[in-house]
Amino acid sequence: MGYLSQADHKIVSDAVAQAELTTSGEIVTVLADRSDEYNDVVLVWAAALAFSAMSLFAMIPQPFMDLWDALVGGWTHEWTTGELASMTIALGLVAFVIGWLLVSWDPLRFMLTPGPVKTARTHARAIKHFKVGAERRTHGRTGVLLYLSMREHRAEIVADQPIAAIVPAEVWGEAMADMLAEIKQGHIAEGLAAGVRDVGQVLSEHFPRSEDDENELPDRLIEV
């Protein structure tokens with residue numbers, strides 16, 4: 001995938017290290033190409049196209065029958081019930097395959113995936129990464145995950161329960177706004193770094209760094 005260069009990785013890692021100098025909190029950053037394959041969305045669109053083709057044939061069968069007669073030599077004949085049923089099924093199968101092939105193309109797949117579905121899948125994947133890489137992995141349960149999913153154009157900030165209990169959601173919204181302002185201009189590393197700095201400032205207010213604090217989670221950006 002390689003959205004970021006080594007220099008970009010260093011920008012983010014340095015921002016994490018700097019932010020953690022004033023807080024006992026631990027910040028994890030994850031950059032993902034996508035949060036889901038959306039194979040179910042592909043199947044839904046393919047099925048919808050197949051159903052539409054069969055419904056259209058049922059409503060106006062004559063153009064299809066005329067086309068078929070022309071393809072097989074131009075001779076018309078009386079269509080039996082079995083032939084009509086076979087034609088309906090054949091049209092549905094062809095439309096399904098065409099729809100599946102078309103929507104399997106990544107640009108069209110993500111364009112046809114509803115926004116709420118992208119948001120829900122991105123949130124779910126962020127939670128999964130948080131549970132694996134940050135949740136309850138610090139001494140005081142003070143882990144925060146910044147998750148950015150490129151294909152969905154979505155970002156998430158997920159915090160351990162002790163942090164979420166005292167930090168309002170709108171505070172993370174401010175950090176998200178600063179992060180996305182840079183990312184929308186194509187500055188991915190700078191956007192993540194901005195988000196990290198905002199999160200670090202919030203953590204330092206509520207979870208200041210203690211003298212015996214240790215770096216419990218890696219500072220490096222994780223690309224998946």
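In short, a report on the structure. (Residues numbered from 1 in each chain as written. Predicted model: local features only at pLDDT ≥ 70, side-chain atom pairs only at ≥ 80, totals over all residues. Heavy atoms only, no water.)

To continue, consider the overall build of the protein. Each helix and strand counted, the protein has nine helices and four strands in total. Scored against the burial criterion, the 224 residues of the protein give a buried share of 40%. The long-range fraction of contacts in the protein, counting pairs at least 24 apart against all pairs at least 6 apart in sequence, stands at 75%. (Helix = DSSP H or I, 4+ residues; strand = E, 2+ residues; numbered from the N terminus. Buried < 20%, exposed > 50% of the residue type's maximum accessible area, 1.4 Å probe, protein only. Contact = heavy atoms within 4.5 Å.)

Time to look at the side chain of D106. The topology assignment puts D106 in helix α5 (residues 106-112). Residue contacts for D106: discarding those within four places in its chain leaves R34 and R151.

The sheet built from four strands is open, its strands ordered β3-β2-β1-β4 with mixed pairing. Each of the sheet's edge strands pairs with one partner strand only, and the pair in question is β3 (154-159) and β4 (222-223). Across six bridges, strand β2 (residues 143-149) lies against β3 in antiparallel orientation. Opposite V144, over in β3, you have A159 as the bridge partner. (Pairing = 2+ DSSP bridges.)

The end-to-end C-alpha separation of helix α2 (residues 39-59) is 30 Å, in line with the 30 Å expected for 21 residues at 1.5 Å each. V41, V42, A46, A50, A53 and F57 are the residues of α2 that are buried. (Expected span 1.5 Å × (residues − 1).)

With that settled, consider the pairing of β2. In terms of residue burial, β2 counts as a mostly covered element, since seven of its seven residues are buried. Of the two faces of β2, both are covered, the one formed by G143, L145, Y147 and S149 as well as the one formed by V144, L146 and L148. Pairing geometry for strand β1 (residues 26-32) and β2, over seven bridges, is parallel. In the strand pairing of β2, A32 is matched with S149. In this antiparallel pair of consecutive strands, β2 and β3, the connection spans four residues, and H153 shows a positive phi of 55°.

Tallying each qualifying case throughout the model produces ten salt bridges. With a closest N to O distance of 3.0 Å, D33 and R34 form a salt bridge. The exposure classification of D33 matches that of R34, with both residues buried. Salt-bridge contacts for D106 lead to R34; the nearest nitrogen and oxygen are separated by 2.7 Å. Placement of the pair is D106 in helix α5 and R34 in the loop between β1 and α2, with a sequence separation of 72 residues. Taken together, the shared-partner salt bridges in this structure form one network comprising D33, R34, E37, D106, R109 and R151. (Salt bridge = Lys/Arg side-chain N within 4 Å of Asp/Glu carboxyl O.)

Next up on the list: the nonpolar core. For soluble globular proteins, the rule of thumb is that nonpolar side chains tend to be buried together. Judged by nonpolar contacts, the single largest core of 31 residues is most densely connected at V144, W172 and V199. Among the secondary structure elements, those contributing two or more residues to this core are α1 (6-19), β1, β2, β3, α8 (169-183) and α9 (188-206). A total of eight residues in this core trace back to one element, the largest contributor, which is α9. Excluding residues within four positions of it along the chain, W172 makes contact with V144, I157, A159, I163, V167, V199 and V202. Residues V28, V30, A32 and Y147 belong to the second largest nonpolar core, which totals nine residues. (Core = buried A, V, L, I, M, F, W, Y, C linked by side-chain atoms within 4.5 Å.)

Running from N to C, α1 and α9 cross one another at 5°; their axes reach a closest spacing of 9 Å. Taken together, the axes of α1 and α9 are roughly parallel relative to one another. Listed contacts from α9 to D8, I11, V12, A15, V16 and A19 of α1 are A189, E190, L192, A193, V196 and G200. Of the residues contributing to the contact of α1 with α9, the split by class is nine nonpolar, one polar and two charged. (Axes fitted to C-alpha atoms, helices over the stretch in contact; angles between N-to-C directions. Parallel < 35°, antiparallel > 145°, perpendicular 65-115°, else oblique. Nonpolar A, V, L, I, M, F, W, Y, C, P; charged D, E, K, R; others polar.)

Looking now at a nonpolar patch on the surface. A cluster of nonpolar side chains, contributed by L43, V97, W100 and L101, occupies part of the molecular surface with about 390 Å² of accessible area. The topology assignment puts L101 in helix α4 (residues 81-103). (Patch = residues over 30% accessible without salt bridge, like charges linked within 9 Å, V, L, I, M, F, W, Y side chains within 5 Å. Areas by Shrake-Rupley, 256 points an atom, 1.4 Å probe, with all protein chains shown as cover.)

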